[in-house]
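This is what each chain is made of:
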Amino acid sequence: ELFLKPASSDYSIYGIPCLFFPFVSNFCTFFLPGDGVARESSPFINSAEMDRGNMYEGKNMALFEEEMDSNPMVSSLLNKLANYTNLTQGVVEHEADEDSKRKEVKVPRMGTFIGVYLPCLQNILGVILFLRLTWIVGTAGVLESFIIVFMCCACTMLTAISMSAIATNGVVPAGGSYYMISRSLGPEFGGAVGLCFYLGTTFAGAMYILGTIEILLTYISPSAAIFKAEEVGEETEAMLNNMRVYGTCIIILMAIVVFVGVKYVNKLALVFLACVILSIIAIYAGVIKTAFDPPDFPICLLGNRTLSKRSFDVCAKFTESNNETKTTTLWRLFCDSSLLNATCDDYFSLNNVTEIQGIPGIMSGVLADNLWSAYSEKGSIVEKKDQPSVAGSEDTKMGGLPYVFTDIMTYFTMLVGIYFPSVTGIMAGSNRSGDLKDAQKSIPTGTILAISTTSFIYLSCIVLFGACIEGVILRDKFGEAVDGNLVVGTLAWPSPWVIVIGSFFSTCGAGLQSLTGAPRLLQAIARDGIVPFLQVFGHGKANGEPTWALLLTAGICEIGILIASLDSVAPILSMFFLMCYMFVNLACAVQTLLRTPNWRPRFKYYHWTLSFLGMSLCLALMFICSWYYALIAMLIAGCIYKYIEYRGAEKEWGDGIRGLSLNAARYALLRVEDGPPHTKNWRPQLLVLLNLDSEQLVKHPRLLSFTSQLKAGKGLTIVGSVLQGIYLDKCTEAQKAEENVKALMGVEKTKGFCQIVVSPHFRDGISYLIQSAGLGGMKHNTVLMAWPQSWKQTENRFSWKNFVDTVRETTAAQQALLVAKNIDLFPTNQERFTEGNIDVWWIVHDGGMLMLLPFLLRQHKVWRKCKMRIFTVAQMDDNSIQMKKDLQMFLYHLRLNAEVEVVEMFENDISAFTYEKTLMMEQRSQMLKQMQLSKNEREREAQLIHDRNTASHSAPAIKASVAAAVPEKVQMTWTKEKFVAEKHKNKDSNVSGFKDIFNMKPEWGNLNQSNVRRMHTAVKLNGVVLNKSQHAQLVLLNMPGPPKNRKGDENYMEFLEVLTEGLDRVLLVRGSGREVITIYS
């Protein structure tokens, strides 16, 4: 039916006619017609109906037709990219929302000037310039103020360079700085810095509101104050309470304005900006005017002390009118009556009242006096340095006298903290990145121009203030000496009110903008889903307004307002902004140094050294401003970081920190030597071999529990498993298996890597894992596996043959082997043993692994309360007393606490039970061999085994006497005669015993004597172990090696089974032969 369709058929898959997909004819027939099925979800692939061009394209590209369903054609990709528009990603208002349903959304066309330069200018120039800059110049002096401003401006300029590099490295959606940092440094840093930036913006809102109220109550309408100072010295407290009440009212009002409509705030933004620019022009105009016509602002000085003119009008002690001397208001403030013979303040009597000009003008040379700093204690009087003064008695009470006092203690670092907020706001352009015509060009140009402009304004203002205004006025924070005028206002032309009204509106606007921007930033973080408890703030009104985020922002803002002092709030937001800028610089430096392939910024004038310098400067400024605030801010950021790391959603954003981790890992791997580590550094690096069932689930989860108990998160753990089949067929199953294993590793808290191998033969897969797992110096040295419980069932795929071969391979690879028997009886990580023993049966020394394992296990909570006991076996010709002493000394040197016991095993008759066991084993072995060998071959094989075992019979006895001292020094408990007699007696009894036994069951005589001897050892050792360790929580045993001749493999399994019979939890240990424990430090 497919070939009967006409050539012009409209049915296509991804733009390629169904003609080219004969194998999906049914799909084409049933699913493509109609509009019920979405054809493509990828943003890059054109899902338009197929046209003739597409059909030919498909024919030309027939070679690639099978890849078309996953990889788009280049032409369709480019077509999609060309149509990509970075639409406004701000919040759409209700009206705009309605309009957009009727009209097509227009692409925003904001250029560099409107979109970046002006917003940055408006955000940077603010409350500090009008309210605090004159005071900073007066207190720190022109030179130190210049240093403060230069440091802060350098910090923001370097940050802007780094930000420009990040902003021009690809399309930056809305979200600005948060988006840039989170995508460059990862979700943890992004979340921490995003929240810091949010808190900074919120506290900035509080600072602007406090500035607004300060202007209102101090300079516009002092009578509006609710709280009045009833007693002397309560003025500051009353002012702070007024701030709190008015601040709370204003924040409620502003929150309502923002809630009702952001567009009104945005429309007013230009008005607020005009106010700022007009105010600055007024300042420059005033400075020029002072050169030829300084304004008249007289200051009243008593001696060298500045007097506050709020309480009096005439600057004199008395006035003469009609030849009559009258005392002034000033006299009455310092004396107890208005009479000329009244008792007056000591200092008042000794010093004259003088009047000087507050603004002598730029040509007056006052700059020389203002060059140096004049820091002071809290409550000290503002004094003019070179004015004559006679000191009065010190016990006079200063309170209540009309002096100008300093309200806080001043010092260099504190001024840095107060000033820094006036250079923040450089992110304003990047926060609008969604609305720009060409963000990659506009952001760097606009931001750097704005910083250059504002830096020039600030630096020139410092010099001009110092050159025009008298020092005592500069240090007079609230302008009390100039009739309560704003100090900057006194300099301005045509009137101080230009500055007062301009600064009032600009601070109002800045506060509104902070309350608009901060909730959106919080909403962006909440919608990213990296901080789970912030999810609720991602929601808002139907039109996307972040209602909940606005409420939280207003709440945090209220905290700033309750602090009430502008000078206390400023350092707080300095911290948060500095931390944000520090991470912007770090992001740029990391990306540059890593040389990530995706790091290709269009902005070329950056260098990692500049970013690093910027980062260092930010960190230095944090601690300069206030070391304890810096530590608190870092702690907050650290807590957020750890919280996101612990609870946050796993996000893969291709961030720099992931790249940094990869680089560090590569560097470390190359540094680690490929050879074996020193004995002191040796720890079991595990390869855990898991069995999976048909559903790809782990059969023995307790093996992973045991792994985490043994490792306690240290060293390397690779969890491996093998799927039988061909990889092409099994790749999805392998993926599923890996997910299951990783999930279980997470549950069992096993820190490590997972590796699933698909192999045609199960046996080969395990071999591949043992050979190739790990990388470079990070390779495993120990294999952990479970004992195959059902090895006697021939249909079991992990049969005894695979097991024995694995044992052989670990030996060949010089790796240690741990086999956990009865693994399902092992404890989970939640269980706790309150008592019991870990028993070690040390029969042959193979590197000390047996000693090390219990020590490592006892580090874990499960095994912590268990005691360690070490048993060793003494043969007939060993001195057991000396062995015990030597072993205790050996353990003492190893710094291990353990009980020591030497168990004596004498040669005695081989029991009927042993013969019967061996007979059963051999009969079973015969059945397993399918009678393929001829009789001669079987005899030859038996002879070979017999010969080999005869040769190596004495080896275990030699190995067992490891801790024994030099023979000459040993005081034997056996005499030679006694030993010989015992041997002869045993020999005779053995001969007679054999005869008796063979009489009982004649077929026993045909048994392989090598197997009988081995079975005898297994039975005897099992009896001894059961006698001592039946109730131990865990028994560790030396695992004997498999026979070199592979014909006896199934017998080997039987020996191990007999050896461990009756024991609950057994760990068979086979060392790699190299020393893993040492007595040396």
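Note that this is a predicted model, so its numbers are computed, not measured.

(A) A look at unusual backbone geometry. Note that the residue after Trp493, namely Pro494, is joined by a cis bond; omega there is 10°. Note on placement: Pro494 falls in the loop between helix H18 (487-491) and helix H19 (496-528). Although it is not a glycine, Asn323 adopts a positive phi angle of roughly 55°. You can see Asn323 is positioned in the loop between strand S5 (318-321) and strand S6 (324-327). Unlike most non-glycine residues, Gln696 shows phi in positive territory, near 65°. Here Gln696 lies in the loop between strand S8 (686-690) and helix H25 (702-711).

(B) Region of the structure containing the side chain of Ser626. Inspection of the secondary structure assignment puts Ser626 in the loop between helix H22 (608-625) and helix H23 (627-647). Among the polar contacts made by the side chain of Ser626, one reaches the main-chain amide nitrogen of Tyr629 at a distance of 3.3 Å.

(C) Just the packing of aromatic side chains, in detail. Within this structure, the stated rule accounts for 24 aromatic pairs. Judged by centre distance (5.6 Å) and plane angle (90°), the rings of Trp627 and Tyr628 are edge-to-face. Judged by centre distance (5.8 Å) and plane angle (15°), the rings of Trp842 and Phe890 are stacked. Taken as a pair, Trp842 in strand S13 (residues 837-842) and Phe890 in helix H30 (residues 880-893) lie far apart in primary sequence, 48 residues in all. Residue class for Trp842 comes out buried when judged on its relative accessible area of 6%. Taking relative accessible area as the criterion, Phe890 reaches 25% and is therefore assigned partly exposed. Residue placement shows Arg305 over the ring face of Tyr347; its charged tip is 3.7 Å from the ring centre.

(D) Looking closely at the sheet that holds strand S7 (residues 353-357). An order of S4-S3-S7 is seen for the three strands of this open sheet, with the pairing classed as antiparallel. Since the sheet does not close on itself, it has two edges, and those belong to strand S4 (305-306) and S7, each with one partner. The sheet contact formed by strand S3 (residues 298-302) and S7 spans five bridges and is antiparallel. Residue pairing for S7: Cys300 is matched across the bridge by Glu355.

Rules used throughout
- Residues numbered from 1 in each chain as written.
- Predicted model: local features only at pLDDT ≥ 70, side-chain atom pairs only at ≥ 80, totals over all residues.
- Heavy atoms only, no water.
- Helix = DSSP H or I, 4+ residues; strand = E, 2+ residues; numbered from the N terminus.
- Polar contact = N/O pair within 3.5 Å; in protein donor to acceptor, adjacent residues only side chain to side chain.
- Phe/Tyr/Trp six-rings, centres within 6.5 Å; stacked < 30°, edge-to-face > 60°.
- Buried < 20%, exposed > 50% of the residue type's maximum accessible area, 1.4 Å probe, protein only.
- Lys NZ or Arg CZ within 6 Å of the ring centre and 35° of its normal.
- Pairing = 2+ DSSP bridges.

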